[in-house]
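Chains, contacts and geometry: an overview
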Amino acid sequence: QVQLVESGGGLVQAGGSLRLSCAASGRTFSSYAMGWFRQAPGKERECVAAITRSGARTYSADSVKGRFTISRDNAKNTVYLQMNSLKPEDTAVYYCAAREGGINYYTQGTQYAYWGQGTQVTVSL
């Protein structure tokens, strides 16, 4: 089992940047494919980025492509989401998720067994 703790959320003006971190504890971090999801009030949860166990391949949703970058440091048991050029529509609770095994990245919430508690990101005009 793995425990996930997100950090780095906050309030930022449009056009600004934030970097979210998700620290994992428990079993070998490199055993897990990781994803970042977000959910805004009244909206469905969506995957914004995902990364394979090795970090060799990544996915970014069209809504964030070119602005958000997912990365991981397996030596530090941490996955990151660098968010640049933030927009008010990026406002949401952001969650990291972990899935054990597999060779791909995964973009559906049902494919992940472990979730963090979430961190709020608010982008103001």
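To be clear, the structure that these remarks concern was listed above.
Residues numbered from 1 in each chain as written. Predicted model: local features only at pLDDT ≥ 70, side-chain atom pairs only at ≥ 80, totals over all residues. Heavy atoms only, no water.

Our focus in this paragraph is the pairing of strand β11 (residues 119–124). Looking along a regular strand, one sees side chains alternate from face to face of the sheet. Side chains Thr-119, Val-121 and Val-123 project from β11 onto a buried face, and the interleaved Gln-120, Thr-122 and Ser-124 project onto a face without burial. Of the pairings in the sheet, the one linking strand β2 (residues 10–13) to β11 comprises four bridges and is parallel in character. Opposite Leu-11, over in β11, you have Thr-122 as the bridge partner. In this sheet, β11 lies alongside strand β9 (residues 92–100) in antiparallel orientation, the contact comprising three bridges. (Buried < 20%, exposed > 50% of the residue type's maximum accessible area, 1.4 Å probe, protein only. Helix = DSSP H or I, 4+ residues; strand = E, 2+ residues; numbered from the N terminus. Pairing = 2+ DSSP bridges.)

When you line up the elements, Glu-100 lands in strand β9. Along the backbone, Glu-100 and Lys-43 are 57 residues apart, and their C-alpha atoms lie at a distance of 27 Å. Here Glu-100 is in contact with Arg-27, Ser-31 and Tyr-32, once residues within four sequence places are set aside. (Contact = heavy atoms within 4.5 Å.)

Turning next to the state of the cysteines. Applying the stated rule across the entire model yields one disulfide. In this model Cys-22 forms its disulfide with Cys-96; the gap between the sulfur atoms is 1.9 Å. One quick way to see it: the torsion about the S-S bond of Cys-22 and Cys-96 is about 45 degrees, and its sign makes the bridge right-handed. Here Cys-22, found in strand β3 (residues 18–26), pairs with Cys-96, found in strand β9; they are 74 residues apart in sequence, far enough to count as distant. For the pair shown, Cys-22 and Cys-96 are each scored as buried. Between Cys-47, a free cysteine, and Cys-96, which holds the nearest cysteine sulfur, the sulfur-to-sulfur gap is 12 Å. (Disulfide = S-S within 2.5 Å.)

What the rule picks out here adds up to five aromatic pairs. Relative to Tyr-112, the ring of Phe-37 lies with its centre 5.4 Å away and its plane at 80 degrees, an arrangement referred to as edge-to-face. With Phe-37 in strand β4 (residues 32–39) and Tyr-112 in the loop between β9 and β10 (114–115), the pair connects residues that are 75 residues apart, well separated along the chain. As far as burial versus exposure is concerned, Phe-37 and Tyr-112 are alike and both buried. With centroids separated by 6.2 Å and ring planes inclined at 65 degrees, the aromatic side chains of Tyr-112 and Trp-115 adopt a geometry described as edge-to-face. Overall, Tyr-112 belongs to the buried group, its relative accessible area being 6%. Residue placement shows Arg-45 over the ring face of Phe-37; its charged tip is 5.8 Å from the ring centre. (Phe/Tyr/Trp six-rings, centres within 6.5 Å; stacked < 30°, edge-to-face > 60°. Lys NZ or Arg CZ within 6 Å of the ring centre and 35° of its normal.)

Just geometry here; none of it tells us what the structure is for.
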